[in-house]
Amino acid sequence: MPLPLSVPPLMLTTGPVPIYPEVLKALGAPVLYDYHPTFQEFYAGVIEKLRVAFRTDIAPVIMQGEAILGIEAAAAALISSNDVVLNLVSGVYGKGFEGWAARYGKEVIEIAVPFDEIIDPEAVRDAFRKRPDITVVSLCHHDTPSGTLNPLNEIGAIVAEYGAYLIVDAVSSFGGMDVHPQTAHADIFITSPSKCLGSTPGLSLISVSKRGWEKIERNDDAPRGSFLSLAAWKDASIPGRTFPVTPSIAEIYALDAALDRYAQEGSENVWARHAETATIARKGLLKLDIALWPKQEAWCAPTATAFKIPSGFTDVELRDRLLNEDGILLSLGRADTAGKVLRIAHMGASAQPEFARKTVAALSSILS
Ligand SMILES: *Cc1c(COP(=O)(O)O)cnc(C)c1O
């Protein structure tokens, strides 16, 4: 097939997302040798921009692989064979963490709720009361296949109160709402350029707290000399240091442009745009008598809206009609939500009120 492949006019998918024009332009810049001092300085600048976006005091790291790499690397780095892990499960990604926690930890305890519900912070407190030996907690903030948002900051405060470590998958929420590593009390916080930042998939953006780094350094089980080694990327941004592996230069350029865009629009304005788009989508769907997937509207994420398939359609039929008749591409459900939902993403460039209105109007005409 010739390049570029054709892109649907409205790609309202939950990642990859349509990338901003500035990001696309940055991808075409000449690829520099990674040890060229100019690139090393540029890379240090990108890390600094990411630190500012994360609102942390500590330089974050970038790993060279799509965000699942970062999440798996976080588990491998932080969880040792002495750790009891509390894994919080309200969706597909939360459930997926269980395997890594079990691989590296001594024991995994799980709080699981149906995938149209969210984790109750009080249940986390109860778990600590019953099992004061819990040392690591993991949480997916926005479990994207369900479109639900967990009360991260409340849970983070409880985890901190009990002195445990917190790993947060904020892949599909960071950049689309007010969520940051330090306010969440996260020891490792992972996100991706390919969701709300409106850039390409292929990198993991990771913030590690001071005590998180200390635990990683103490952990003899943490990978070293491995592609999965988070520790290998610590301080890699200091000019003159060597990179553990060659960074994906073009994707670093793209990330730089995405971070500039985020700063220029202003984070608060970006979040407001996401929230407004999601509200329009939810209200519009409810007006059409289309049910939201989350049991309560208050649990819906501002970065994706999951709705139940209206009777008379399958998920694929409805997806295909929206695509073929209206040029709108939505995401299907995944695993437990497969066949039950369609999802409208409001992420980065796709978080535009008019796109939510267009989608609701298209659904309205298909249903009537
Ligand atoms: C997109 C996403 C990831 C990245 O994983 P993929 O399934 O490979 O796209 C991780 N966590 C969440 C919550 C995501 O939405």
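Residues numbered from 1 in each chain as written. Predicted model: local features only at pLDDT ≥ 70, side-chain atom pairs only at ≥ 80, totals over all residues. Heavy atoms only, no water.

Attention now goes to the overall build of the protein. Scanning the protein from terminus to terminus reveals eleven helices and 13 strands. Expected size for 368 residues packed as a compact globule is a radius of gyration near 21 Å; at 20 Å, the protein falls within 12% of this value. Pairs at least 24 residues apart make up 71% of the contacts formed inside the protein by residues separated by at least 6 positions. On the protein, roughly 14900 Å² of surface is accessible, and the fraction owed to carbon and sulfur atoms is 55%. Placing the 33 positive and 43 negative side-chain charges of the protein at their respective mean positions leaves the two points 1 Å apart. (Helix = DSSP H or I, 4+ residues; strand = E, 2+ residues; numbered from the N terminus. Rg over C-alpha atoms; globule rule 2.2 N^0.38 Å. Contact = heavy atoms within 4.5 Å. Areas by Shrake-Rupley, 256 points an atom, 1.4 Å probe, with all protein chains shown as cover. Lys, Arg positive; Asp, Glu negative; His and termini not counted. Charge placed at Lys NZ, Arg CZ, Asp CG, Glu CD.)

On the basis of which strands lie adjacent, the open sheet formed by seven strands has the order 2-10-9-8-5-3-4 and mixed pairing. At either end of the open sheet lies a strand with only one pairing partner, and these are strand 2 (61-63) and strand 4 (107-112). Recorded for the sheet is a direction-independent mean angle of 20° between the axes of neighbouring strands. Judged from the six bridges that link them, strand 3 (residues 84-89) and strand 4 form a sheet pairing that is parallel. If you follow Asn 87 over to strand 4, its bridge partner there is Glu 110. (Pairing = 2+ DSSP bridges. Axes fitted to C-alpha atoms, helices over the stretch in contact; angles between N-to-C directions.)

On to the pattern of salt bridges, then. This model, assessed by the stated rule, comprises 26 salt bridges. One salt bridge connects Glu 48 with Arg 51, and the closest N-O pair in it is separated by 2.8 Å. Taken together, the residues Glu 48 and Arg 51, both in helix 2 (residues 37-54) and three residues apart, mark about one turn of the helix. Classification of Arg 51 by relative accessible area gives partly exposed; the value is 23%. Measuring nitrogen to oxygen at the nearest pair gives 2.8 Å for the salt bridge that ties Arg 273 to Glu 265. For Arg 273, a relative accessible area of 11% corresponds to the buried category. (Salt bridge = Lys/Arg side-chain N within 4 Å of Asp/Glu carboxyl O. Buried < 20%, exposed > 50% of the residue type's maximum accessible area, 1.4 Å probe, protein only.)

This paragraph deals with helix 5 (residues 121-130). Within helix 5, the full set of buried residues consists of Pro 121, Val 124, Arg 125, Ala 127 and Phe 128. One side of helix 5 holds all its buried residues, which, seen down the axis, span an arc of 155°. Residues of helix 5 that are exposed and angled more than 90 degrees away from the buried face: Arg 129 and Lys 130. Along its buried surface, helix 5 packs onto strand 3, strand 4, strand 5 (134-140) and helix 6 (152-161). By the N-cap criterion, in which a side-chain oxygen at the helix start approaches the backbone nitrogen of a residue two or three places on, helix 5 is capped by Asp 120, the distance to Glu 122 being 2.9 Å. (Arc of directions from axis to C-beta. Polar contact = N/O pair within 3.5 Å; in protein donor to acceptor, adjacent residues only side chain to side chain.)

For the protein, the domain assignment lists domain 1 (10-17 + 266-367) and domain 2 (21-263). Centre-to-centre, using C-alpha coordinates, domain 1 lies 26 Å away from domain 2. Between domain 1 and domain 2, the contact holds 29 residues from the first and 30 residues from the second. When domain 1 packs against domain 2, close to 2400 Å² is buried across both sides, 60% of that on carbon and sulfur atoms. Of all residues in domain 1, Trp 271, Trp 299 and Arg 334 give up the largest surface area on contact with domain 2, accounting jointly for 26% of the area buried on that side. At the junction of domain 1 and domain 2, the tally comes to three salt bridges. A salt bridge links Arg 55 to Glu 268, with the shortest nitrogen-to-oxygen separation between them at 3.5 Å. Across the contact surface, domain 1 and domain 2 share 16 residue pairs in polar contact (both at pLDDT 80 or more). Going through the elements one at a time, helix 9 (267-287), strand 11 (304-308) and strand 13 (341-345) are the ones with two or more residues in the side of domain 1 that touches domain 2. Sort the elements by how many residues they give to the side of domain 1 that touches domain 2 and helix 9 lands first, with six residues. Its residues assigned to classes, the side of domain 1 that touches domain 2 comprises 15 nonpolar, eight polar and six charged. (Domains from an automatic or database assignment. Buried area = accessible area lost by both parts, 1.4 Å probe. Nonpolar A, V, L, I, M, F, W, Y, C, P; charged D, E, K, R; others polar.)

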